[in-house]
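Residues per chain, in single letters:
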Number of protein chains: 2
Amino acid sequence: MTYCVGLTLDEGLVYIADTRTNAGVDDISTFRKLHAVDTPGERSMTLLSSGNLATTQMVINILKDRMKSCSNRDAHLMNASSMFEAAKIVGTTLRNVINTFSENERSTEKKFDGTMILGGQIIGDEPRLFLIYPEGNFIEASIDTPYFQIGETKYGRPILIRAYNRQMGFEDAVKLLLVSFDSTIKANLSVGLPLDLQIYKRGSFCTGMQFRIEKDNEYFNMISSGWGEALRNAFDRLPDFSFETSIDPNLAKIQSRAA
Amino acid sequence: MTYCVGLTLDEGLVYIADTRTNAGVDDISTFRKLHAVDTPGERSMTLLSSGNLATTQMVINILKDRMKSCSNRDAHLMNASSMFEAAKIVGTTLRNVINTFSENERSTEKKFDGTMILGGQIIGDEPRLFLIYPEGNFIEASIDTPYFQIGETKYGRPILIRAYNRQMGFEDAVKLLLVSFDSTIKANLSVGLPLDLQIYKRGSFCTGMQFRIEKDNEYFNMISSGWGEALRNAFDRLPDFSFETSIDPNLAKIQSRAA
């Protein structure tokens, strides 16, 4: 499994990805799932990937190879005229790779599937964020849906829903994402440290600060232990439930036999 | 979808289930998923069900019919010699119903599956809690795994992991479960109010207090709005992340181009 999030903020974009891959719980490895490319001063893009590792690595390699080959007239990420065009390129490549692998596969199980998040900015346009499906189609983040998650999305979602706001700064956003990842890592063994993070500052048109949170990162460990305590405190401070007063006696069917 | 939890406490057992069923988002109904039976003074059992509604309703009906028919020598919940025997009866019935429905089904999709939680106590034994799979086999809760969730389990799990403890009283447990349900309801449309709750007091050998949390329940609405604020406060009180001090400069690969 995997957990990745791409987040839009007024300040720009934030990306985070875990690095754990597994082919069964007895076969666990560390692979990078966050890939950034840029033409400084003109464009910057970042891809996050989940799903079959052979598929997503091949997609990344095809996209990078195409950028390198000067004679290649095919559209690629560095000559796409807009982020929308870039998302189309990624979507088509992803779908083609999946179709190639699946051709000789008899089972109907979608074992070669992958899902990606593409974010970035090209000069003349706003920063944009896309969620790209295995079928090659995609959706774009908006004011109403300002972030995308892929992989193991559920455990870390409640805190994103409650604490995200568009105006928060990069450092608050990183804190929020680390809390969301901590909840996920605690509940799903197949999501694990280290974590890759990247910041894209609106209008900078180059790959922003990138860093890795390793197992011995003091801040992450502080968040991880502090969040459990903070949750318990928050829970304790909520008003207490009472069998006498919290249930409307007219609506509740109370059987008093056990009282 | 569905969300149900069965929880073991020193004081006894707590059960909670939502009541929403759907055959697509355009076809939503309310059905009870919590069913309790007892022989006062001797035994009390509660079943929670998730999955295909036709399957789980048929299982409940077969189990209840068998209890009523006096001439029936088959084992049933009211003559099972132990909770283990009762779990076997439920498991076998569940598997048989699924197999019957699936026989004429050509697709390999497991569309008639159901999963159940069975809890209760029979005189001479401790309270016990089982998770019963569609295959008819089952596992029992223990000190290490003291509760079971079925259905949409993930959104509500982080708070259970952090705030549950065996020594908590019934009222605290209800509060905890309502927070867990609130997170789930906020994230998954197919889990919805009203909620059915039931308490089983250790050694009481009869169905305990049962009540329903309706949409206009003031306490639930207070928890629902209070928890969002409590989470944001807890988040704010966590130490802040800083690009300067929270990343070990020796480990982090910081690109300063965007700074």
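In what follows, the structure referred to is the one given above.
Residues numbered from 1 in each chain as written. Chains lettered and ligands numbered in written order. Predicted model: local features only at pLDDT ≥ 70, side-chain atom pairs only at ≥ 80, totals over all residues. Heavy atoms only, no water.

**Q** Just checking my understanding: could you explain the environment of A:Tyr219 for this structure?
**A** Within the secondary structure, A:Tyr219 sits in helix H5 (residues 218–237). When its relative accessible area of 3% is taken as the criterion, A:Tyr219 is described as buried. Distance in space between the C-alpha atoms of A:Tyr219 and A:Val59 is 34 Å, their sequence separation being 160 residues. Contact partners of A:Tyr219, with chain neighbours within four places excluded, come to A:Lys175, A:Leu178, B:Pro239, B:Asp240, B:Phe241 and B:Ser246. In terms of polar contacts, A:Tyr219 uses its side chain to reach the backbone carbonyl oxygen of B:Pro239, at 2.8 Å. (Helix = DSSP H or I, 4+ residues; strand = E, 2+ residues; numbered from the N terminus. Buried < 20%, exposed > 50% of the residue type's maximum accessible area, 1.4 Å probe, protein only. Contact = heavy atoms within 4.5 Å. Polar contact = N/O pair within 3.5 Å; in protein donor to acceptor, adjacent residues only side chain to side chain.)

**Q** What is the right way to look at the packing of aromatic side chains in this model?
**A** Working definition: an aromatic ring pair is given by the centre-to-centre distance plus the angle between the planes. Applying the stated criterion across every chain yields a total of 18 aromatic pairs over all chains. On the numbers, 5.2 Å between centres and 70° between planes, the contact of A:Phe241 with B:Tyr219 is edge-to-face. On the criterion of chain membership, the pair formed by A:Phe241 in the segment after H5 and B:Tyr219 in helix H5 (residues 218–237) is interchain, its members lying in two chains. Geometry around A:Phe235 places B:Lys175 over its ring, the cationic atom sitting 4.7 Å from the centre. (Phe/Tyr/Trp six-rings, centres within 6.5 Å; stacked < 30°, edge-to-face > 60°. Lys NZ or Arg CZ within 6 Å of the ring centre and 35° of its normal.)

**Q** Explanation requested: the relation of the copies chain B and chain A in the structure shown.
**A** Here two copies of a chain appear, and what relates them is a rotation about an axis with a shift along it. For these two chains of identical sequence, chain B goes onto chain A by a turn of 180° and a shift of 0.0 Å along the axis, with RMSD 0.1 Å. On the angle and the small slide along the axis, the relation comes out as a two-fold axis. Looking at the rotation axis and the C-alpha trace of chain B, the residue lying nearest is B:Tyr155, at 2.5 Å. Residue by residue, 100% of the interface of chain B is reproduced at the interface of chain A, so both copies engage with the same surface. (Least-squares fit on C-alpha atoms with pLDDT ≥ 70 in both.)

**Q** Honestly, H5(B) in this entry has me stumped. Any pointers?
**A** Every α-helix carries 3.6 residues per turn, so stepping three or four residues along brings you back to the same face. All names here are of chain B. The end-to-end C-alpha distance of H5 is 28 Å, a good match for the 28 Å that 20 residues give at a rise of 1.5 Å each. At Gly 226, H5 shows its largest bend, some 25°. Those residues of H5 that sit buried are Tyr 219, Phe 220, Ile 223, Ser 224, Gly 226, Trp 227, Gly 228, Ala 230, Leu 231, Ala 234 and Phe 235. (Expected span 1.5 Å × (residues − 1). Bend = angle between axes of the 7 residues up to and from the residue.)

**Q** Would you mind showing me how to read empty space enclosed by the protein here?
**A** The rolling of a water-molecule-sized probe over the atoms marks out the regions of remaining empty space. Counted according to the given criterion, the structure contains 5 cavities of 30 Å³ or more. Around the largest cavity, the lining residues are A:Tyr155, A:Pro158, A:Ile159, A:Ser183, A:Trp227, A:Leu231, B:Tyr155, B:Pro158, B:Ile159, B:Ser183, B:Trp227 and B:Leu231. Mapped onto the lining of the largest cavity, the elements with two or more residues apiece are helix H3 (157–163) and H5 of chain A together with helix H3 (157–163) and H5 of chain B. (1 Å grid on protein atoms, 1.4 Å probe; cavity = no way out; pocket = protein on both sides within 12 Å on 5 of 7 lines; lining within 4 Å. Points joined across faces, edges and corners; volume = space filled by probe spheres on them.)

**Q** Mind showing me how you'd approach the pattern of salt bridges here?
**A** When the charged atoms of two side chains with opposite charge come close together, those side chains can pair. Counting across every chain of the model gives 26 salt bridges over all chains. Note that A:Glu126 is salt-bridged to A:Arg202, the shortest N-O span being 2.5 Å. With A:Glu126 in the loop between strand S7 (114–122) and strand S8 (128–132) and A:Arg202 in the loop between strand S11 (195–201) and strand S12 (210–213), the pair connects residues that are 76 residues apart, well separated along the chain. Salt-bridge contacts for B:Asp10 lead to B:Arg166; the nearest nitrogen and oxygen are separated by 3.2 Å. Remark: B:Arg166 occurs in the loop between H3 and helix H4 (170–187) and B:Asp10 occurs in the loop between strand S1 (3–8) and strand S2 (12–18); sequence separation between them is 156 residues. Residue class for B:Arg166 comes out partly exposed when judged on its relative accessible area of 21%. One salt-bridge network, held together by shared partners, links A:Arg32, A:Asp196 and A:Arg212. (Salt bridge = Lys/Arg side-chain N within 4 Å of Asp/Glu carboxyl O.)

**Q** It is not clear to me how the pairing of S2(B) should be interpreted in this structure. Could you clarify?
**A** Two faces belong to every sheet, and in a regular strand the side chains alternate between them. Residue and element names in this part refer to chain B. For S2, a buried count of 7 out of 7 residues is recorded, marking the element as mostly surrounded by other parts of the structure. The sheet contact formed by S1 and S2 spans 5 bridges and is antiparallel. The partner of Thr 8 across the bridge, within S2, is Leu 13. The hairpin formed by S1 and S2 contains 3 residues between the paired strands. (Pairing = 2+ DSSP bridges.)

**Q** Sorry if this is basic, but what is going on with unusual backbone geometry here?
**A** A negative phi angle is the norm for most residues apart from glycine, just as the trans form is the norm for most peptide bonds. Cis geometry marks the peptide bond from A:Leu193 to A:Pro194, where omega comes out at -5°. Tracing the chain through its elements places A:Pro194 in the loop between helix H4 (170–187) and S11. Of note, B:Phe205 is a non-glycine position whose phi angle comes to about 50°, a positive value. Among the structural elements, B:Phe205 can be located in the loop between strand S11 (195–201) and strand S12 (210–213).

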